[in-house]
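# Chain and residue survey
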Amino acid sequence: MSRGRPTPFQVPVKASVKVVGKSLWLLGLVALLGACAPRERLLPALGLEVPRVDELPQDFEAPLSAQTGQPMDGFGGGGGGVERTPVIFVHGNTVSAGFWKPTREHFEDAGYSQDELWAFSWGWNNARYLDSADLSVQSVQRMVDAVQGYLREQRGVAAPQVDIIGHSLGVTLVRQWMKQANAWHRVRRFIGVAGANDGVWTAWADTRGQQRPVAWELYPGSPWLAQLNRGNEVPGGTRYMTLYDGSGWGDVLFPYPLEDSSALEGADNLAWNREHGDWYGHLNLPWEEGPAQAMIDWLREGPQVPEVDPADAPDVALEDGAEGPRLHADQEGAQIYCRDDGSDPGLANTEPRAALPMQPGRLYSCFAHDPQTGLASPLHRHKAWQGEPAQGQRPTLTIEPAGGAFEQPQRVRLRSDDPEAFIVYNTAGLPLSTGSPLYDPEQPIFVAAPLRLTAMAVSPGGQTSEPVTVDFDISLELVEATRTLQRQFDPSRPLRYAGDRKQGN
Amino acid sequence: MISDLFRRTRPRRRVVPKLRRLLRSRVRARAWLALAPALLLALPAQAGIVFTPHLSEYSRLPRAPFVEGTLIMTQIEEIYDREGNEVPLGEPFVKAGDSTDAALFLFKYLWIGNLFRDSDVPILKTRDQFCRMIGVLGYQQNTGRIAARTRLFGIRPGSNGLGDLFGLCGIYGHEHQWGPLKFNGLLATTIKFPIGDYDQDAALNIGTNYWSYIPQFAFHAEAFGRLYVDGTFAYQFNGDNDEPSFGGLTPTRISNWRNLEINFAWKFSEHWFADIGYSFRESVGRNGYDKLTVNFEDQPLAPESACNNTNNNLGVEVLTPEVCRNPVTQQFYLSPKPGPYEDRGIEGHMLTAGIYYVYRTSSVLQLRVAQPIRGRGSQIDAEYYVCAIEPCNEQTSGGVTTPTTLFGVQEAAAVSASPYLELRFVHLWWAP
């Protein structure tokens, strides 16, 4: 009873009320735990649809996410035509395409149309399941394919190249895709915002749980990053820019001594906070007007190629001349960028030349580039015979260990029976080419996620082995988590993951 | 009935005038009855402890579930009286040195996320939501002579068990940035469910037995990536407690409170932080006591008890030996007037200081000390009927009463002047 002063609760707590209260306690606990369930599970259970960034055209066939198996939501293709190189935004960990909406506004203010700005939710969009670069390489491939295909078919624009802006995990993801897919020629310009190119302090080599794949990828000094950065941090016919804090205090993910982790050697590196005295953080750096304008200005440079026919792209030609084999571009005005030390050439740090005589026994990595159109070729590798060309048998290839389920990352060794052969591989289940990542016998391949390794040996002269494919299953927790979440879409999927658990080597 | 009662008491009426004279003597103002146990206290400002901010308490943390375990230990040897003086617990009726020992374990579960992200729901789609549930386990025990004195009133000196449940939900505001300064606010509402163990016959209770509703505004600010400031203003609406404990020494009408707290933390590195904070709590108005029943269990009382209680504890002779040996005071009974009484409200000011160690990104270990620096506790001036016969009430006492000053007990009334130690562990699930 109130005695002169109103109170919000006039509930005498008698024994019966206590019982009710304790029941409420339990109910509340259950409700709170329920709220922690993945939104993708909770909302359907309540009869609600999971919200999505549903801003793709009706006639756009959304690509499937390699991680979730579901069509990616996102934005783009809203009209306005294509006059510039289309931009695809690739978000980071645990967020969706919606992350890029503030940045998109700056681009629209600068004149970009909705047809020129695309983004896709490629991951789980859930903090419970951190995403991984290795697991999403195919997602990037599919989104680039989908954008180019849509613009070609629905807008009549060839769009042989796209510009890509990645943020955070999206930076290393896109770099990994370009490397694994030998797809540098498809990207005119790439901007990496706050990427962990040399690691992030929040990732650890001995991380447990579902976050292990991305932690293994991105911990400072990780073999995965060494693999990604090896042989040139800015390879191929792509121009690179990085945008990051640089002060060590603005972006909490990159404190000293990792304040320049996002920079790439050979890129246009812009440590925004350090150079402008700002304090933008990890998330809002690409949302702010100044950094966004810097990105827009940088993308405006160089030829825009929305309507150039991809068939007009130059390529590397091998010619057997009187003085021996030589490499050159197959188009007038185009140049080739080559290296013969096992590293990859790049626009920014490799001397272009019209032609290059090949020395016997040396391995050349080259791409062609047309400075007029900006188009480039994929990377190619060529090796000239040392002595007389061998005839007959194709080389063979062995992989050790030959796949399997492991708890820890594996060091995988490749071996060919032809000592003169070089070996290329990829870990994304993509088709191989001579421009695929080059295997270094001194640096076994670091496999740190459930992925498919495909490799082939290439003998001098170009004869290849049969591609060998093996599946690795690393991080059982992730597999279990993935299956758990996927069970909502496919109840027949086994509840428990039954992979064999083996000790790492 | 009344006349019968009157008749039965009449033979003893001759005692009353002498008692009246005795009781109206100079000792009247001295609270000689020694009823006021001055026993606290049960978890001084439990809600204050629960909501004292920590490093980045109100920042927009990553979307994830967090769990937190906090162990709070205190040995309350001093409390604040209504004048703001620090009073040794139990004095003047027991010697200083004993205490109320209390340990609280708070289990907090915090969920941060945005169920509406990527949707078209206005406001919510871009503002993360959070919910927190706080469960409490507690141990409280009066020690030594304080416990013994508690038993004189037929009261259990301690209690252990489940505390009240706090449920909280809120919404973060957008982050704003001006140069090196970042700022975000939040709005939240907490409901305290009075489900904790509560015994009317206990001096200390883990549960409070009244509902609370606490709307709260809080903010987090960062400057230069190194200085972190968290602050909050909360207004706590308190319900009534119709079943007071400790013989009605917990208020039945609990005043509302206002809380103001601020915390400054300095980042030395990604792993080490230190902070200092200030916490203020004040009741808005007065607490009301309507069901005072606290009384000596064994009655009638011998006059020696009055003499002993007064002379020995006050250290001066206020009752003469003649009075103590007076045959008309061979025995007497006491019975409190149930009320209503009101205090002057309570107030507490506390400083906190702590260090944090952040293990990777998933765990925080914190050690913190809280030191009350100023306060005001609850005291009421109660009246006790003094009778020569049972039952002791207004009629049988003939209107003879004696005043005494009583301390209110438990979090709504008592304010500790002793420090407490806090050991806290926070774990972020799913962190790498």
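The structure reproduced in this document is the subject of the present report. As a convention, each chain's residues are numbered from 1 in the sequence order in which they are written. All chains are assigned letters beginning at A, and all ligands numbers beginning at 1, according to the order in which they are written. pLDDT decides what is reported in this predicted model: residues at 70 or higher carry local features, side-chain atom pairs at 80 or more are listed and counted, and totals for whole chains, interfaces and linings draw on all residues regardless.

## Focus on the overall build of chain B
Only DSSP runs of H or I reaching four residues or more are called helices, and only runs of E reaching two or more are called strands; each is numbered from the N terminus. Broken down by element type, chain B carries seven helices and 20 strands. Buried means a residue has 20 or more other C-beta atoms within 10 Å of its own C-beta, exposed means 12 or fewer, and partly exposed covers the counts in between; C-beta atoms are placed from the backbone. In chain B, which comprises 432 residues, the proportion classed as buried is 52%. Throughout, a residue-residue contact means that the two C-beta atoms, derived from backbone geometry, are no farther apart than 7 Å. Sequence-distant contacts, at least 24 apart, represent 76% of the contacts inside chain B between residues at least 6 apart.

## Some remarks on the overall build of chain A
Looking only at helices and strands, chain A has 10 helices and 22 strands in total. Here chain A, with 505 residues, has 53% of them falling under the buried criterion. In chain A, once contacts between residues fewer than 6 apart in sequence are set aside, the share between residues at least 24 apart is 70%.

## Describing the sheet that holds strand 20 (residues 445–447) of chain A
Residue and element names in this part refer to chain A. Pairing within the open sheet is antiparallel, and its three strands lie in the order 16-18-20. The open sheet terminates on both sides in strands that have one partner only, identified here as strand 16 (397–400) and strand 20. With strand direction ignored, the average angle separating the axes of adjacent strands in the sheet is 30°. At least two bridges found by DSSP between two strands are what make those strands a pair. Here strand 16 runs beside strand 18 (residues 410–416); their pairing, made up of four bridges, is antiparallel. By the bridge assignment, L397 is partnered in strand 18 with S416. Between N-to-C directions, angles span 0 to 180 degrees; the directions come from axes that are lines fitted to C-alpha atoms, helices contributing only their stretch in contact.

## Brief notes about helix 4 (residues 144–152) of chain B
All names here are of chain B. For helix 4, the set of buried residues is I146, A147, R149 and T150. Down the axis, helix 4 shows its buried residues gathered within 160° of arc, on one side only. On the buried face of helix 4, the contacting elements are strand 5 (129–142). Remark: G154 follows helix 4 within two positions and exhibits a positive phi of approximately 70°. Note that the arc is defined by the directions from the helix axis to the C-beta atoms.

## What to know about the environment of D145(A)
Mapped onto the secondary structure, D145(A) falls in helix 4 (residues 137–154). Taking the number of C-beta atoms within 10 Å as the measure of exposure, D145(A) has 12 and is therefore exposed.

## Section: the sheet that holds strand 4 (residues 117–120) of chain A
Residue and element names in this part refer to chain A. As summarised here, the arrangement of the eight strands in space is 1-2-4-3-5-6-7-8, forming an open sheet in which the pairing is mixed. Looking at strand neighbours, the two that pair on one side only are strand 1 (54–55) and strand 8 (268–271), the edges of this open sheet. The pairing of strand 7 (residues 239–244) with strand 8 spans four bridges and is classified as parallel. Within strand 8, the residue paired with L243 across the bridge is L270.

## Digging into the nonpolar core
As used here, a nonpolar core is made of buried Ala, Val, Leu, Ile, Met, Phe, Trp, Tyr and Cys residues. They are joined through C-beta atoms within 7 Å. Membership of the largest hydrophobic core comes to 128 residues, with the highest contact counts inside it found for I88(A), I423(A) and A455(A). The element contributing the most residues to this core is helix 4 of chain A, with eight residues. With residues up to four places along the chain from it excluded, the contact list for I88(A) reads W118(A), A119(A), M143(A), V144(A), V147(A), V162(A) and I164(A). F166(B), L168(B), Y210(B) and L334(B) belong to the second-largest nonpolar core, a separate cluster that totals 77 residues.

## Notes on the pairing of strand 9 (residues 316–321) of chain A
Residues and elements named next belong to chain A. When strand 9 meets strand 10 (residues 324–329), the two strands line up antiparallel, connected through six bridges. In the sheet register, D320 faces strand 10, and the bridge partner there is P325. The hairpin formed by strand 9 and strand 10 contains two residues between the paired strands.

## A closer look at the environment of L428(B)
All names here are of chain B. Along the chain, L428 turns up in strand 20 (residues 420–428). You can call L428 buried: it has 21 C-beta atoms within 10 Å. On a C-alpha basis, the gap between L428 and S397 in space is 64 Å, while along the polypeptide they are 31 residues apart. Excluding its chain neighbours within four sequence positions, the residues that come into contact with L428 are P62, A64, F66, T361 and S362.

## Digging into helix 4 of chain A
All names here are of chain A. Residue count minus one, scaled by 1.5 Å, sets the expected span of a helix. Look at helix 4: 26 Å from first C-alpha to last across 18 residues, which is about the 26 Å you get at 1.5 Å a residue. All buried positions along helix 4 are accounted for by V137, Q138, S139, V140, Q141, M143, V144, A146, V147, Q148, Y150 and L151. As for helix 4, its buried residues are in contact with strand 3 (87–90), strand 4, strand 5 (162–167) and helix 5 (169–180). The positive-phi residue at the C-terminal boundary of helix 4 is G156, with phi of around 65°.

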